[in-house]
Amino acid sequence: MIARARRHVLDVYAVLALGYLFLPIAIVIAFSFNNPLGRFNYTWSGFTFQNWLHPLAYPGLGGAIRVSLEIAFLSALVATAFGTLIALALVRYRFRGSSTTNLLIFVPMTTPEIVMGASLLTLFLNWKIPQGFGTILIAHILFNISYVVVTVRARLVGFDRHLEEAAMDLGANEIVTFFRVTLPLIAPGILAAGLLAFALSVDDFVITYFNAGTVTTFPLFVWGAARVAVPPQINVIGTAFFVIAVGGMLANVLLQNRRARNA
Amino acid sequence: MYYLAKMSLEQGLFPLFSFEWAWSNFSDAVSSYHAQFVRSLEYAGLATAIALLISYPLAYWIAFRGGRWKNLFLVLVIAPFFVTYLIRTLAWQTILSDGGIVVTVLKDVHILGSDGRLLATSAAVVAGITYNFLPFMVLPLYVSLEQVDHRLIEAAGDLYANRVVSFFRVTLPLSLPGVFAGVLLTFIPAMGDFINAQLLGTPRQYMIGNVIQSEFLSLREYPTAAALSFILMGGILVLVLIFARALGTDRLTAGAAP
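Calculation notes
Residues numbered from 1 in each chain as written. Chains lettered and ligands numbered in written order. Predicted model: local features only at pLDDT ≥ 70, side-chain atom pairs only at ≥ 80, totals over all residues. Helix = DSSP H or I, 4+ residues; strand = E, 2+ residues; numbered from the N terminus. Contact = placed C-beta atoms within 7 Å. pLDDT = per-residue confidence, 0-100. Axes fitted to C-alpha atoms, helices over the stretch in contact; angles between N-to-C directions. Left-handed = near helix turned anticlockwise from the far one by under 90°. Buried ≥ 20, exposed ≤ 12 C-beta atoms within 10 Å, placed from the backbone. Core = buried A, V, L, I, M, F, W, Y, C linked by C-beta atoms within 7 Å. Domains from an automatic or database assignment. Expected span 1.5 Å × (residues − 1). Bend = angle between axes of the 7 residues up to and from the residue.

So, the overall build of chain B
Argument step 1. Scanning chain B from N- to C-terminus turns up 14 helices and zero strands.
Argument step 2. Shown N-terminal to C-terminal, the secondary structure of chain B runs as helices and strands in the order α-α-α-α-α-α-α-α-α-α-α-α-α-α.
Argument step 3. Of the contacts made within chain B by residues no fewer than 6 positions apart, 74% connect residues no fewer than 24 positions apart.

Brief notes about the interface of chain A and chain B
Argument step 1. Taken together, the contact pairs 62 residues of chain A with 57 residues of chain B.
Argument step 2. Among the elements that take part in the side of chain A that touches chain B, helix H1 (residues 2-31) of chain A stands out by supplying 13 residues, more than any other.

Points about the confidence of the model for chain A
Argument step 1. Chain-level pLDDT for chain A is 77 on average; 86% of the residues reach the 70-or-more range.
Argument step 2. Least confident of the elements in chain A is helix H2 (residues 50-53) of chain A, whose mean pLDDT is 66; most confident is helix H3 (residues 61-92) of chain A, at 84.

Here's the deal with the packing of helix H8 (residues 150-158) of chain B against helix H9 (residues 163-174) of chain B
All names here are of chain B.
Argument step 1. Direction vectors running N to C along H8 and H9 enclose 145 degrees, while the axes themselves pass 10 Å from each other. Between H8 and H9 lies a crossing whose hand is right-handed. On the side of H8, the interface is formed by Leu-152, Ile-153, Ala-156 and Gly-157, while H9 contributes Ser-166, Arg-169, Val-170 and Thr-171.

Brief notes about the environment of Gly-213 of chain A
Argument step 1. Here Gly-213 of chain A lies in the loop between helix H10 (206-211) and helix H11 (218-228).
Argument step 2. When residues no more than four places from it in sequence are discounted, the contact partners of Gly-213 of chain A are Pro-130, Gln-131, Gly-132 and Thr-135 of chain A.

Some remarks on the environment of Ala-14 of chain A
Argument step 1. In this structure, Ala-14 of chain A sits in helix H1.
Argument step 2. According to the C-beta neighbour criterion, Ala-14 of chain A is partly exposed, with 19 such atoms within 10 Å.
Argument step 3. Leave out the neighbours within four places in its chain, and Ala-14 of chain A touches Pro-57, Leu-58 and Trp-61 of chain B.

Description of the nonpolar core
Argument step 1. Formed by 129 residues in total, the largest nonpolar core has its most connected members in Ala-59, Val-138 and Tyr-142 of chain B.
Argument step 2. Element by element, the count of residues in this core is highest for helix H2 (residues 24-65) of chain B, at 13 residues.
Argument step 3. Of the domains in this structure, domain 1 (1-55 + 231-263) and domain 2 (59-230) of chain A are the two that each give at least three residues to this core.
Argument step 4. Setting aside residues up to four positions removed in sequence, Val-138 of chain B forms contacts with Ser-55, Leu-58, Ala-59 and Val-77 of chain B.

Quick word on helix H7 (residues 133-157) of chain A
Residues and elements named next belong to chain A.
Argument step 1. Along its 25 residues, H7 runs 36 Å from first to last C-alpha, staying within 8% of the 36 Å computed at 1.5 Å per residue.
Argument step 2. The axis of H7 is deflected most strongly, by about 25 degrees, at Asn-144.
Argument step 3. Most of H7 is tucked away, with 18 of its 25 residues classed as buried.

This is how it looks when you write it as structure tokens:
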């Protein structure tokens with residue numbers, strides 16, 4: 001009886017914790033339908049579809065989103081390529097400085113973003129590189145590589161090297177083996193790493209803020225807007241991104257579950 | 001190439017106006033912004049502790065009761081964080097605002113005085129930090145709890161340990177790597193955060209991140225800002241090394257990878 005009660009205590013607690021996680025999101029979604037009276041979208045003042053019909057109506061918003069997407073795409077692409085190669089090198093070979101590299105990979109992940117952003121800014125100032133699209137891109141590639149390495153390496157650690165040896169025994173050379181055996185097997189890890197990098201890049205504010213110059217990404221736009229007004233269009237974009245990302249992840253989980261049941 | 005960029009990044013921190021071993025930057029920085037450093041430690045420590053209290057039961061519940069839906073619950077934990085950081089924090093502004101529901105309820109039950117408010121207080125800032133870094137706590141905890149061998153808990157039961165004892169003697173010690181990783185992953189970004197203090201607090205709640213941010217971008221006092229970043233980084237590095245020593249780098253890695 002008491003055991004059962006305790007069991008329910010834990011259930012209730014978990015549901016409350018999940019509720020806490022989702023409360024702000026519910027607010028964001030609800031207020032994307034708000035029809036704000038003033039410039040601030042804080043109090044509920046009427047339901048409207050207007051924001052959803054014209055999500056880019058707010059000046060500057062469309063351009064900021066495009067910059068964000070471009071940087072996210074490019075930085076995810078480059079970081080995934082480099083990160084995968086670094087992960088392969090780290091798992092497969094022991095070379096001079098490999099343990100140092102191993103540690104350095106974690107530097108961007110264990111450094112507060114503000115220190116990363118500040119040190120990159122100092123670097124760019126020292127080298128007299130003007131801040132803008134290029135510096136944002138470099139910064140994003142830099143922090144994304146770490147996450148890619150960690151994700152791909154996790155996949156590589158469980159990798160069965162005998163499969164490669166078997167391919168070689170069957171007459172494949174190293175290049176063919178890599179493209180026909182190694183790459184397909186670690187592809188899910190690479191894909192996951194790429195998606196993670198994309199999401200991190202779109203979401204990044206602090207590092208971008210330090211290195212953006214006059215270029216505006218979506219988070220920078222929100223930051224700038226928050227000082228003078230909070231247009232509901234921001235909520236619309238936030239909600240749309242949320243729905244796409246979470247929809248994709250849920251579909252993936254449900255698919256895996258179904259597959260697991262059938263197997 | 002990557003290596004080179006990283007190395008220069010470490011060095012890029014030093015005062016750049018003219019390099020003359022200006023150690024006074026460091027002592028000046030410490031003496032002027034002592035309060036913000038201490039406040040950052042307090043806020044980050046408090047937020048980490050609260051996040052642990054919220055996350056541990058949740059991670060435990062997902063790992064042991066989730067069954068076939070574990071992955072679904074994990075997605076639910078991560079999902080809110082696909083809304084941009086700033087928008088989430090702005091949503092907390094709405095929730096905690098003076099006419100908002102939380103303030104109204106707290107006033108009705110007289111926890112909060114009639115002229116009390118939540119926005120622009122330390123509580124709001126800590127709440128914001130706790131919320132924003134919660135998944136960094138839940139995920140490592142989940143990973144380590146998931147790996148706990150259930151047979152060990154059954155064995156404890158067979159040896160006449162009751163559920164509370166077996167939790168504290170078996171489950172909790174086995175999940176400690178996750179606790180350490182989670183604490184680290186929450187505490188480090190929390191120390192450097194300035195967004196919550198800026199959006200949910202006032203200058204009286206400003207943390208060291210706010211100082212670095214304004215020294216760098218508004219006042220353009222690069223040497224001071226660099227010294228501050230360096231102190232922050234150094235302090236955190238010491239903590240990381242202590243944790244890494246205690247756990248071994250590999251286990252830290254396993255906890256960090258989602």
